[in-house]
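# Observations on the model geometry
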Amino acid sequence: MTLLEHLRRMARNNLWSNDRLYRAVLALQPGEFEAKRTSFFPSIKETLNHIIAVDRLYFDFLTDGGLGAATYDTFVPFDDVASLATAQANFDRKLIAFCDRLSEADLDRRVITDRREDGMIPERIGDILAHVFLHDIHHRGQVHAMLSGTSVAPPQLDEFLLDYDIKLRKAEVERLGL
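As a starting point, this report considers the structure included with it. (Residues numbered from 1 in each chain as written. Predicted model: local features only at pLDDT ≥ 70, side-chain atom pairs only at ≥ 80, totals over all residues. Heavy atoms only, no water.)

### Notes on the pattern of salt bridges
Test applied: Within this document, salt bridges are pairs made up of a side-chain nitrogen of Lys or Arg and a carboxyl oxygen of Asp or Glu, the two lying within 4 Å of each other. Relative accessibility thresholds used throughout: buried, under 20% of the residue-type maximum; exposed, over 50%; partly exposed, between the two (1.4 Å probe, protein chains only).
This structure, assessed with the given rule, holds 13 salt bridges. For Asp-106, the salt bridge identified is with Arg-109, shortest N-O distance 3.5 Å. Under the relative-accessibility criterion, Asp-106 is labelled buried at 19%. Residue classification places Arg-109 among the partly exposed positions, given a relative accessible area of 41%. Look at the salt bridges and you will find they share partners, linking Asp-19, Arg-20, Arg-23, Glu-172 and Arg-175 into a network.

### So, the packing of aromatic side chains
As a reminder, the rule being used: To pair, rings of Phe, Tyr and Trp, with the six-membered ring standing in for Trp, must have centres within 6.5 Å; the planes then decide the type, stacked if under 30 degrees apart, edge-to-face if over 60, and tilted in the middle. A run of DSSP states H or I qualifies as a helix once it reaches four residues; a run of E qualifies as a strand once it reaches two. Both are numbered from the N-terminal end.
The full count for this structure, using the stated rule, is 6 aromatic pairs. Ring centres 5.6 Å apart and planes at 70 degrees place the aromatic pair Phe-59 and Phe-98 in the edge-to-face group. On the criterion of sequence distance, the pair formed by Phe-59 in helix 2 (residues 44–62) and Phe-98 in helix 4 (residues 81–101) is long-range, its members being 39 residues apart. Phe-59 gets classed as buried once you look at its relative accessible area, which sits at 10%. Taken together, a centroid distance of 6.1 Å and an interplanar angle of 55 degrees make the contact between Phe-75 and Phe-78 tilted. The class for Phe-78 is buried, based on a relative accessible area of 18%. Each member of the aromatic cluster is reached from another via a ring pair, and the members are Phe-59, Phe-91 and Phe-98.

### Some thoughts on the packing of helix 2 against helix 5 (residues 125–147)
Relative orientation and spacing of two packed helices are given, respectively, by the angle between their axes and the distance between those axes. Counted only if it meets this: Convention adopted: a line fitted to C-alpha atoms gives each axis, helices being fitted over their contacting stretch, and angles between N-to-C directions are expressed from 0 to 180 degrees. Orientation is classified from the angle alone, with under 35 degrees giving roughly parallel, over 145 giving roughly antiparallel, 65 to 115 giving roughly perpendicular, and any other angle giving oblique. For this classification, the nonpolar set comprises Ala, Val, Leu, Ile, Met, Phe, Trp, Tyr, Cys and Pro, the charged set comprises Asp, Glu, Lys and Arg, and every other residue, Gly included, is treated as polar.
Taken N-terminus to C-terminus, the directions of helix 2 and helix 5 make an angle of 175 degrees; their axes are 10 Å apart at the nearest point. In terms of orientation, helix 2 lies roughly antiparallel with respect to helix 5. Residues belonging to the contact of helix 2 with helix 5 are distributed by class as follows: 13 nonpolar, 6 polar and 3 charged.

### So, the nonpolar core
As a reminder, the rule being used: By convention a nonpolar core is built from buried Ala, Val, Leu, Ile, Met, Phe, Trp, Tyr and Cys residues, the set being connected through side-chain atoms within 4.5 Å. Two residues qualify as a contact provided that any one of their heavy atoms is within 4.5 Å of a heavy atom in the partner residue.
In terms of nonpolar packing, the biggest core is built from 28 residues, with Leu-95, Phe-98, Leu-129 and Phe-133 touching the most fellow members. Excluding residues within four positions of it along the chain, Leu-95 makes contact with Ala-11, Asn-14, Phe-59, Leu-129, Val-132 and Phe-133. Ranked by size, the runner-up nonpolar core spans 22 residues in total, among them Leu-28, Phe-33, Phe-75 and Ala-85.

### Topic: the packing of helix 1 (residues 3–26) against helix 5
Applied cut-off: Crossing handedness follows the turn of the near helix against the far one: under a right angle anticlockwise gives a left-handed crossing, and clockwise gives a right-handed one.
Contact pair helix 1 / helix 5: the axes reach a minimum separation of 11 Å and the direction vectors enclose 20 degrees. Taken together, the axes of helix 1 and helix 5 are roughly parallel relative to one another. Judged by the twist between their axes, the crossing of helix 1 over helix 5 is left-handed. Where helix 1 abuts helix 5, its residues Leu-7, Met-10, Ala-11, Asn-13, Asn-14, Ser-17, Asn-18, Leu-21, Ala-24 and Val-25 lie against Gly-126, Leu-129, Ala-130, Phe-133, Asp-136, Ile-137, Arg-140, Val-143, His-144 and Leu-147. Of the residues belonging to the contact of helix 1 with helix 5, the class tally is 12 nonpolar, 6 polar and 2 charged.

Scope: geometric values only; no functional claims are made or implied.
As structure tokens, then:
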């Protein structure tokens with residue numbers, strides 16, 4: 001498997017993992033989404049909003065969107081889970097389409113990342129994508145842990161890349177068109 005193929009699979013894993021996580025979050029009792037919890041961000045709501053805000057920031061870098069850090073600064077957090085879930089799913093599909101259009105050579109191409117006071121830093125597309133996936137996994141793990149203190153059990157999020165896992169989650173994978 002090439003790095004490009006791996007990154008494409010990770011983009012699909014993002015959609016699958018976010019779908020599983022959001023289905024759990026959508027089942028929360030009133031008040032649990034916003035409730036203060038112990039984590040890097042103090043609620044499930046704030047953590048999930050952070051994930052999509054950073055996703056959009058890095059996508060702006062990847063596509064030379066021109067907004068730079070303002071993409072993050074102008075992000076308006078979602079107040080309700082349903083709208084946030086829809087926005088994340090739409091973003092995940094856009095990221096899959098972006099990855100599907102890439103060539104192996106594109107992974108080494110550098111794009112500018114706006115690091116505010118540290119300046120405009122060129123980074124490789126492949127490295128940015130790896131960072132985005134790692135960032136999302138990191139914060140999904142925090143939401144997963146926070147769900148342990150709610151009325152909804154945290155979903156399994158690590159059954160995607162192996163053939164056995166795909167067979168186990170076949171209905172979900174097919175529902176998502178993966």
